[in-house]
Amino acid sequence: MKFKIEPFSIAELIRLIDEDLIDLKPYYQRNDIWTRKDQEELIDSIKKGYPLPSFFLYKNPEGIIEMVDGQQRARTIFRYYKRQITDSAKNIFNSEEQFLNYQLSITNIYDVTKKEEVEEFYVLVNKKGKHLNIPEINKAEFSGTNFLRLAETALTYQNFMNLNLFTEATSKRMNDRNFLEELLAYLIHGTQDKKKIISDIYEKDITNDQYIEIEKIFYKIIDRIAELNEVVNISKTRYRQKNDFYTLFSFINENIDASLELHKRQYQILLAISGYISPSNEDCFSLREYAINCVSQSNSKNARKYRLDFFNSILLNKSKAIGDNKILADIADYIDSHQLFDVKFEEFEGYYLMKI
C-alpha cells in the first residue's frame, strides 16, 4: 500500500458527491455521528482558512472512489453547500467562491494488494484516536465474519425491532448491535463476563452451522418475548433496560418450551414487583440485591447469574412451603408488611406462584 498527497478543492469534492462518483460510506465505515456543534465548528474552521486533517481516498478495483477516512467532514461540507446547515453564526456563505476554492488535503491510497489492507488501515487510523467505539471498530475489523453477519441480521428482525429497546443515539453508535452481540454470545457460550467474550467470538468466529442454529434459537426467544410485549409494552417497563432484558432473555431461553400462558403469568409477576426494585430499598434485601446487581459490575458473570437466580426463585417456585424459598418469602413479606397488594399463591402448571 502506497500513499500520495495532493490538494483538492471543495468544489471538486462536491462534484464527486453530486455525481455519485464517491462512496462516502464503505461497508467498514461507522455511522454518521456528528452533532450539529461538530458540523458548525468544521465550517467555521474552513471559513477562517484553517487547515483540516487529510481525507483518505481509495479507488477500488471496480473504479469506485471510497472515502476511507473523512466521510463525516465530507458530508458536512456537502450539506453546508446545499444550505442544509449553517455555521455557528447561523450564516450560509460569506463568499461562495472562497468556500468552493478552499483546498483540502487529499491522501490517495494506491498499490493495494488486497482489500483487507484498506480495512486494516481504517481501523488503525481510528483505533488510535477517540473517534470509534468498540462496535464501530468491530464492524471494520471483522466485516467478513459470520458472527457480525448474524448480529446485523438479527438486529433487523422485525419482532426484535418492535420491542423498541433502543434510543436513536444508541443505534447511531451501533451500541444496539453491541448489546445484541451480548445476547448472541450468551446463546453460544452461556452466561459469561462481557469484557472478553465478544472479542473472543469475533477472533475465532462461528461456523455456518452455528450461525443457522443460533439464529433459529434467537428468533424463537424473541417471538415469545414479542407475545409478552402484547400484554404490556416492554419499552414502558424497567425490563427494557439492558441488564433486565438480558435476564429476561436468559430466563425465556432456559424455559423456552413452557406455555405462553405460564410465561404471561410470570411476566405479570415481574411487572408487579418492578416498581419496588431499587438499590435504595432498605426494607427488602432481595429486591435491593437484584437492583444492585443491575448497576454494580452488572456485566460480570456473577451479577448475571444472581439476576437469573432471582428470576428462577420467584417464577419457578415448586414448593407449597413458601418459607423454604428465601428470596420469594422475603419479597412476599415485604409486599404484605407494606400492604402493597394481597399476597396469595396458587398452583399453575406445576409451580406455586404469586397470584397477581
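Residues numbered from 1 in each chain as written. Predicted model: local features only at pLDDT ≥ 70, side-chain atom pairs only at ≥ 80, totals over all residues. Heavy atoms only, no water.

Going by what an unreviewed UniProt entry lists, the protein is known as DUF262 domain-containing protein and is assigned to Flagellimonas hymeniacidonis.

Colleague: Looking at this model, I keep getting lost on the pairing of strand S5 (residues 103-110). Mind explaining?
Modeller: Consecutive side chains of a regular strand alternate in pointing toward one face of the sheet and then the other. Note that strand S1 (residues 2-9) and S5 share eight bridges and pair antiparallel. Within S5, the position partnered with Pro7 by the bridge is Ser105. (Pairing = 2+ DSSP bridges. Helix = DSSP H or I, 4+ residues; strand = E, 2+ residues; numbered from the N terminus.)

Colleague: Help me understand the side chain of Arg73, please; the structure alone is not making it clear to me.
Modeller: With respect to the element layout, Arg73 can be found in helix H3 (residues 71-81). Among the polar contacts listed, one links the side chain of Arg73 to the backbone oxygen of Ser54, at a separation of 3.3 Å. Each residue touching Arg73, except ones within four places of it in the same chain, is listed here: Trp34, Leu42, Pro53, Ser54 and Phe55. (Polar contact = N/O pair within 3.5 Å; in protein donor to acceptor, adjacent residues only side chain to side chain. Contact = heavy atoms within 4.5 Å.)

Colleague: Explanation requested: the confidence of the model for the protein in the structure shown.
Modeller: Any region with low pLDDT has predicted coordinates that should not be read closely. Residues of the protein with pLDDT of at least 70 account for 93%, and the chain-wide mean is 89. Between the elements of the protein, mean pLDDT differs from a low of 66, seen in helix H5 (residues 116-127), to a high of 98, seen in helix H12 (residues 208-229). (pLDDT = per-residue confidence, 0-100.)

Colleague: What is the right way to read the domain arrangement of the protein from this model?
Modeller: Many descriptions give the size of an interface as the accessible area lost when the pieces come together. The assigned domain composition of the protein is domain 1 (2-128), domain 2 (133-230) and domain 3 (256-355). A straight line from the C-alpha centre of domain 1 to that of domain 3 covers 54 Å. (Domains from an automatic or database assignment.)

Colleague: In this structure, what is going on with helix H1 (residues 10-18)? I would like to understand it.
Modeller: Three or four residues apart is the spacing at which side chains of an α-helix point the same way, because the helix has 3.6 residues per turn. All of the buried residues in H1 are Ile10, Leu13, Ile14, Leu16 and Ile17. Take H1 and look down its axis: the buried residues cluster within an arc of 160°, on one side only. Count one or two residues on from H1 and you reach Asp20, which has phi positive near 55°. (Buried < 20%, exposed > 50% of the residue type's maximum accessible area, 1.4 Å probe, protein only. Arc of directions from axis to C-beta.)

Colleague: How should I be thinking about the sheet that holds strand S4 (residues 65-69) in this particular structure?
Modeller: Working definition: the strands of a sheet are paired by backbone hydrogen bonds and lie parallel or antiparallel to each other. Pairing within the open sheet is mixed, and its five strands lie in the order S1-S5-S3-S4-S2. With partners counted over all chains shown, the strands left at the sheet margins are S1 and strand S2 (22-23), one partner each. Where S2 and S4 come together, two bridges link them in parallel fashion. Paired with Asp23 across the bridge in S4 is Glu66. Of the strands in this sheet, strand S3 (55-59), S4 and S5 are in contact with H3, which crosses S4 at around 115°. (Axes fitted to C-alpha atoms, helices over the stretch in contact; angles between N-to-C directions.)

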